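Take a look at the letters that make up each chain.
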Amino acid sequence: MLRGLYTGANGMISQQVRMDVIANNLANVDKTAFKKDTTVFKTFPEMLLHRYSEDGIGKTPMGSFDTSPVVGKLGFGAEVNEVYTRFEQGAVKKTDNIFDLMVQDQPGMEKPAFFSVLTNRGERLTRSGSFVLDKNGFVVTPQGFPLLGEKGPIQVNQGNFLVKENGEIYINAKLGTDPKDGTNFSENRFEEPVLLDKLKIRTVENPRHLDKEGDSFYSDTPESGEPTAFPELLAPQVLQGYLEASNVSVVTEMVDMIEVNRAYEANSKTMQTQDSLLGRLFEVMR
């Protein structure tokens, strides 16, 4: 009978984890390029049951036989296997801000693409392309971490920053990169276009094993593999003046939340029933 309590408790713990994941998804529904998490469950390790016997072996003139044959397997409910991040692309949002960038995954791409950012913990990956220009002319995240090109941090001036679909960054040589020489982007005719750098777009072999670090950053792990560049034919497009919305569906998450509440309540009722039966058993045994 105690098995019923363990099974119910495992179910409640599993549903609590799933509820936490759903709550986190809903809390980040408006966060740029946020990727939703999904809770994956597995059955709790099963026990193999045998029929009880004193010696276990019976003997006959023809040989012997097992007096404690296998009765079957006994499960203890479910447990959380992993919290899986889904990297499906979110909706496209037009902003017309030249420092807003978006990675557009191409048909047939099996792995998501990421911008590379240099943080105080080292190089990190991100899908969030919401960047700003700091006082020194570097393109940085809202937290102040520089966006990386193949040559390193990208330094431009206001209005002199053009990104092509292949990730190449051009500036007008007449304006240079001094922050004091900035202009309005609509007035910049790029009379003398110069290739400054190319965005450092990377991916990993197993994206599901990336670690979320907050602020839309991901760090690679031994399981995910090190960041690598895309082959030229499979390279993603970069859109300037656009942002990627989160891939969280509020309706889906709310439906899942109702499902979790009902499953949690069902496991709770199971434990209450088992507790009531145990109480009756103890009364009979007195």
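What counts as what
Residues numbered from 1 in each chain as written. Predicted model: local features only at pLDDT ≥ 70, side-chain atom pairs only at ≥ 80, totals over all residues. Heavy atoms only, no water. UniProt positions renumbered as here; feature names shortened; annotations may be inferred. Buried < 20%, exposed > 50% of the residue type's maximum accessible area, 1.4 Å probe, protein only. Helix = DSSP H or I, 4+ residues; strand = E, 2+ residues; numbered from the N terminus. Pairing = 2+ DSSP bridges. Axes fitted to C-alpha atoms, helices over the stretch in contact; angles between N-to-C directions. Parallel < 35°, antiparallel > 145°, perpendicular 65-115°, else oblique. Left-handed = near helix turned anticlockwise from the far one by under 90°. Nonpolar A, V, L, I, M, F, W, Y, C, P; charged D, E, K, R; others polar.

As recorded in an unreviewed UniProt entry, the protein chain goes by Flagellar hook-basal body protein and comes from Leptospira limi. Heading Subcellular location (unreviewed entry) of the UniProt record for the protein chain holds this comment: "Bacterial flagellum basal body".

Chemist: Mind showing me how you'd approach the pairing of strand E16 (residues 168-172) here?
Modeler: Looking along a regular strand, one sees side chains alternate from face to face of the sheet. Within E16, five of the five residues are buried, which leaves it mostly tucked inside the rest of the structure. Neither face of E16 is exposed, since Glu168, Tyr170 and Asn172 on one face and Ile169 and Ile171 on the opposite face are all buried. The sheet contact formed by strand E15 (residues 162-163) and E16 spans two bridges and is antiparallel. Its bridge partner lying in E16, valine 163 is registered against isoleucine 169. In this structure, the hairpin formed by E15 and E16 is closed by a connection of four residues, where glycine 167 is found at a positive phi of approximately 90 degrees. Pairing of E16 with strand E17 (residues 193-198), which is carried by five bridges, proceeds in the antiparallel orientation. Considered in E17, the bridge of tyrosine 170 is made with leucine 195.

Chemist: Sorry if this is basic, but what is going on with the packing of helix H1 (residues 2-27) against helix H2 (residues 250-285) here?
Modeler: Two numbers describe a pair of packed helices, the interaxial angle and the distance between the axes. The interhelical angle for the contact between H1 and H2, taken along N-to-C directions, is 160 degrees, at an axis separation of 8 Å. Judged by the angle between their axes, H1 and H2 are roughly antiparallel. Taken as a pair, H1 and H2 cross one another with a handedness that is left-handed. Of the residues assigned to the contact of H1 with H2, the class counts are 15 nonpolar, 12 polar and five charged.

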